Amino acid sequence: TMKSTLTLQANFNVNPFVALQGTYSGLFFGTNGVGPTNSGAFTLTLTSKGAYTGKLSLGGSSLSLLGAFNAQGLAQETIGPSSQNPVAVALQLDLPAGQHVTGTVRAKGWGAALLGYRAAFNAKTNPAPSGNYTMLVGGYTDPAVAPGGSSFGTVAVTAGGQVTFKGTLADGTKVMPTMSSLLPNGLWPFYLSLYKGQGLMIGWIGLTNPSLAGMAIDWVKAGGAGGSYYPGGFAFE
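Residues numbered from 1 in each chain as written. Predicted model: local features only at pLDDT ≥ 70, side-chain atom pairs only at ≥ 80, totals over all residues. Heavy atoms only, no water.

Caption draft 1: Local environment of the overall build of the chain. Scanning the chain from N- to C-terminus turns up one helix and 16 strands. Reported as C-alpha extents along the three principal axes, the dimensions of the chain are approximately 90 × 45 × 25 Å. Going through the 237 residues of the chain one by one, you find that 39% of them count as buried. In the chain, of all internal contacts separated by at least 6 residues, the share reaching a separation of at least 24 is 41%. For the chain, the computed accessible surface area is about 12,600 Å², with 54% contributed by carbon and sulfur atoms. For the chain, the centre of its 11 positive side-chain charges and the centre of its 6 negative side-chain charges are spaced 16 Å apart. (Helix = DSSP H or I, 4+ residues; strand = E, 2+ residues; numbered from the N terminus. Buried < 20%, exposed > 50% of the residue type's maximum accessible area, 1.4 Å probe, protein only. Contact = heavy atoms within 4.5 Å. Areas by Shrake-Rupley, 256 points an atom, 1.4 Å probe, with all protein chains shown as cover. Lys, Arg positive; Asp, Glu negative; His and termini not counted. Charge placed at Lys NZ, Arg CZ, Asp CG, Glu CD.)

Structure follows, in structure tokens:
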């Protein structure tokens, strides 16, 4: 019942997710050293309502991401079969700028820091520096410890920002075509799961037309992974 002294006030908050929706991609690195069981890659697609779906690539497996961010841009979930070591994922959206997502990935015995960016390229409105590139990754200085030759491959970038890599690593490992996204500032989250989940190659690469500029790439093969070369494993940056 209305009264002469009654005042009604409605406060509305702008939905931040409308401006942040899109696809985010990135990497996570073990805080106590990079390895195939604590480092990997992720992608997630965010809707205008704050819900997301995606996947986490770790140790040769792909784990599904499904959840929603709260009003502060925070999301948490636990993924993986309960019979195994469950993985806890915490995500934080950059609400003011809307260009990146940070967070952590944790399981029993390890933790990792996560960082990713929203895809920005569009073939019509904001084309990427498309083209075909040749990529070399230098080997270790002592071939008795780790592969000494150069790993090599081809990189194809489309105007829409899709990156496809295929090549051969210095220990003879063949890499079938793998796809990822080119992110703002030409950042490419490079990740290969190797040796049936017992190894990886991971790092951020910068693409500034017409060249590729490597930052730091870690190449790890766990001991006991087998193979004709370096069955005892190796790790170097």
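Caption draft 2: Here's a closer look at the side chain of serine 39. Tracing the backbone through its elements, the reader meets serine 39 in the loop between strand S1 (22–30) and strand S2 (40–46). Ignoring sequence-local partners within four residues, the contact set of serine 39 consists of Phe28, Phe29, Gly30, Val34, Leu58, Tyr191, Leu200 and Ile202.

Caption draft 3: Structural detail: the sheet that holds strand S11 (residues 162–168). Within the open sheet, the four strands sit side by side as S9-S10-S11-S12. Their pairing is antiparallel. Either end of the sheet is taken by a strand with one partner, and the two such strands are strand S9 (131–137) and strand S12 (174–181). Geometrically, the sheet is characterised by an average inter-axis angle of 20° between neighbouring strands, direction not taken into account. The sheet contact formed by strand S10 (residues 151–157) and S11 spans six bridges and is antiparallel. Along S11, the bridge assignment pairs valine 157 with valine 163. (Pairing = 2+ DSSP bridges. Axes fitted to C-alpha atoms, helices over the stretch in contact; angles between N-to-C directions.)

Caption draft 4: Representation of a nonpolar patch on the surface in the model. On the surface, Met2, Leu6 and Leu8 cluster together into a nonpolar patch covering about 360 Å² of accessible area. With respect to the helices, strands and loops of the structure, methionine 2 is situated in the segment before helix H1 (17–20). Judged by relative accessible area, which is 61%, methionine 2 ranks as exposed. (Patch = residues over 30% accessible without salt bridge, like charges linked within 9 Å, V, L, I, M, F, W, Y side chains within 5 Å. Salt bridge = Lys/Arg side-chain N within 4 Å of Asp/Glu carboxyl O.)

Caption draft 5: Structural view of the side chain of serine 25. Within the fold, serine 25 resides in strand S1. Apart from residues no more than four positions distant in its own chain, serine 25 is found in contact with Phe42, Thr43, Gly116, Tyr117, Ser181, Leu183 and Pro189.

Caption draft 6: Representation of the environment of glycine 160 within the structure. Mapped onto the elements of the fold, glycine 160 is located in the loop between S10 and S11. Along the sequence, glycine 160 and proline 127 sit 33 residues apart, while their C-alpha atoms lie 6.0 Å from each other. Apart from the residues lying within four places of it in its own chain, the contact partners of glycine 160 are Phe121, Asn122 and Ala123.

Caption draft 7: Seen up close, the pairing of S11. Here S10 hands over to S11 after four residues, with glycine 161 in that stretch at a positive phi of 95°. Pairing analysis gives six bridges linking S11 to S12, with the strands arranged antiparallel. The partner of phenylalanine 165 across the bridge, within S12, is threonine 178. Hairpin geometry of S11 and S12 is characterised by an intervening segment of five residues between the two adjacent antiparallel strands and by a positive phi of about 95° at glycine 172.

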